[in-house]
Amino acid sequence: MIPLADNHVALVIGDVQGHNAGAATLMGQMRTALRAYAAEGHSPDVVVAHANRLLLDMETDLFATCAYVDVDMEQGTALCVRAGHLQPLLRHPDGSTEIVQAEGGPPLGVLGQTEFRMTPLRLQPGTVIALTTDGLVESPGADIDEGMDRLAAELAAADPGHLGLVADALLTGAHRGDDVALLLMRYDGMDVRPLRESWTVWRVPEAVRHARRFTRRTLRTWGVSPDTLDAALLVVSELVTNALVHTGGPVRLDLSLVNQRLRLAVADTSPRSPVQPTSIGWEATGGRGILLVAAVSAAWGTVPVSGGKQVWADLVPQE
């Protein structure tokens, strides 16, 4: 499970060919690579495609299967990509189960020129997602589809209120001829739907003033206190100015408010993150912006996004 930006989470399961030290080493490398590609902000199909290219470049005789599901916790949607792996299973809130008919590509490390298509999923609060390896559903003399049907029936009969008990029920009696991995997630939705607004910052002389005006108008609509509004305008001024001065290409300002935490974020096309200086002399002509952001924010940082980065700062509005 990989936490991602903007209330997304990635569920990943895989299986490397073989049962020796080389296979175990390769599995560790693929785990690290998938996490890194996901953290860079790539879409699921690109994450899996990068992992495929990496495995091909390793020039190993082994291949790997993978299922990758990117869940949008806010919207209740998901995107699924399969590379030679079993389909995910869904247990819907009414107790019915579904073997997701997700389009699949070849296993990782087999073909260089291939496309890994994404299959959209819709999740209702209470839906359980189950990902497993074939060791749980394969048995001597039985077709793997029969094993998937059996697993779906057991998932339907399980109580989704406690995922640990669900896992115990699914693993009981499973054939142990191969390694077994099982990943379960229950989607419960979000208690509070975040308020969100975005603004494209044009590279014009009054860009910062326009960004401040957009921020002021939005936060007043949301009922943010005057003290927090003043701090937000300062943060927006500094982050937008840094993006315009030190990067090229598009710049976007994102505002969100959820659970009494206000996030101000500016995305640009440069992967280079700003550095907070340890000290600044009186003669310095720059570097104070990030110090100001750090001083007025509860927290700040950067996250990679596809093709660049997003610099964010969190404020906690006062009652």
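This is a predicted model, so every value here is computed, not measured.

Attention shifts here to the pattern of salt bridges. Counting across every chain of the model gives 11 salt bridges. Asp 188 is the partner of Arg 186 in a salt bridge, and the nearest nitrogen-oxygen pair spans 3.2 Å. In this structure, Arg 209 and Glu 206 form a salt bridge, with 2.6 Å as the shortest nitrogen-oxygen distance. Through salt bridges that share partners, Glu 103, Glu 115 and Arg 117 make up one connected network.

Next up on the list: the nonpolar core. Leu 219, Leu 253, Leu 262 and Leu 264 are the most contacted members of the largest nonpolar core, which totals 28 residues. Take this core: its biggest share by element is 10 residues, from helix α6 (residues 226-246). Every residue in contact with Leu 253, bar those within four places of it in the chain, is listed here: Glu 197, Ser 198, Trp 199, Val 201, Ala 211, Phe 214, Thr 215, Val 236, Ala 265 and Val 266. Counting residues in each nonpolar core, the second largest holds 21 residues, with Ala 33, Ala 51, Val 81 and Ala 83 among its members.

A word on the packing of helix α1 (residues 21-39) against helix α2 (residues 44-57). Their axes nearest at 9 Å, the elements α1 and α2 cross at an angle of 140 degrees. Crossing geometry of α1 relative to α2 is assigned as right-handed. Judged by residue contacts, Leu 26, Met 30, Ala 33, Leu 34, Tyr 37 and Ala 38 of α1 engage Val 47, His 50, Ala 51, Leu 54 and Leu 55 from α2. Its residues placed into classes, the contact of α1 with α2 shows 10 nonpolar, 1 polar and no charged.

What follows concerns a nonpolar patch on the surface. Residues Phe 63, Val 110 and Leu 111 make up a contiguous nonpolar surface patch of roughly 240 Å² in combined accessible area. Along the polypeptide, Phe 63 turns up in the loop between α2 and β3 (64-72). A relative accessible area of 32% means that Phe 63 is categorised as partly exposed.

The subject of this paragraph is the sheet that holds strand β11 (residues 195-201). Taking strand neighbours across the sheet as the criterion, the 5 strands line up as β11-β12-β13-β15-β14 in an open arrangement whose pairing is antiparallel. Sheet topology places β11 and β14 (299-305) at the edges, where each strand pairs with a single neighbour. For this sheet, the mean inter-axis angle between neighbouring strands, taken without regard to orientation, is 20 degrees. Note that strand β13 (residues 261-268) and strand β15 (residues 308-315) share 7 bridges and pair antiparallel. Its bridge partner being in β15, Ala 265 is matched across the sheet by Trp 312.

Turning our eyes to something else, we now look at the packing of α6 against helix α7 (residues 288-296). Taken N-terminus to C-terminus, the directions of α6 and α7 make an angle of 150 degrees; their axes are 9 Å apart at the nearest point. When the axis of α6 is compared with that of α7, the two are roughly antiparallel. Regarding α6 and α7, the two cross each other, and that crossing is left-handed. Taking contact as the criterion, the partners of Ala 231, Leu 234, Val 235, Glu 238, Leu 239 and Asn 242 in α6 are, on α7, Gly 289, Ile 290, Leu 292, Val 293 and Val 296. Taken together, the residues that form the contact of α6 with α7 break down as 8 nonpolar, 2 polar and 1 charged.

Here is what the cut-offs are and how they apply
- Residues numbered from 1 in each chain as written.
- Predicted model: local features only at pLDDT ≥ 70, side-chain atom pairs only at ≥ 80, totals over all residues.
- Heavy atoms only, no water.
- Salt bridge = Lys/Arg side-chain N within 4 Å of Asp/Glu carboxyl O.
- Core = buried A, V, L, I, M, F, W, Y, C linked by side-chain atoms within 4.5 Å.
- Buried < 20%, exposed > 50% of the residue type's maximum accessible area, 1.4 Å probe, protein only.
- Helix = DSSP H or I, 4+ residues; strand = E, 2+ residues; numbered from the N terminus.
- Contact = heavy atoms within 4.5 Å.
- Axes fitted to C-alpha atoms, helices over the stretch in contact; angles between N-to-C directions.
- Left-handed = near helix turned anticlockwise from the far one by under 90°.
- Nonpolar A, V, L, I, M, F, W, Y, C, P; charged D, E, K, R; others polar.
- Patch = residues over 30% accessible without salt bridge, like charges linked within 9 Å, V, L, I, M, F, W, Y side chains within 5 Å.
- Areas by Shrake-Rupley, 256 points an atom, 1.4 Å probe, with all protein chains shown as cover.
- Pairing = 2+ DSSP bridges.
- Parallel < 35°, antiparallel > 145°, perpendicular 65-115°, else oblique.

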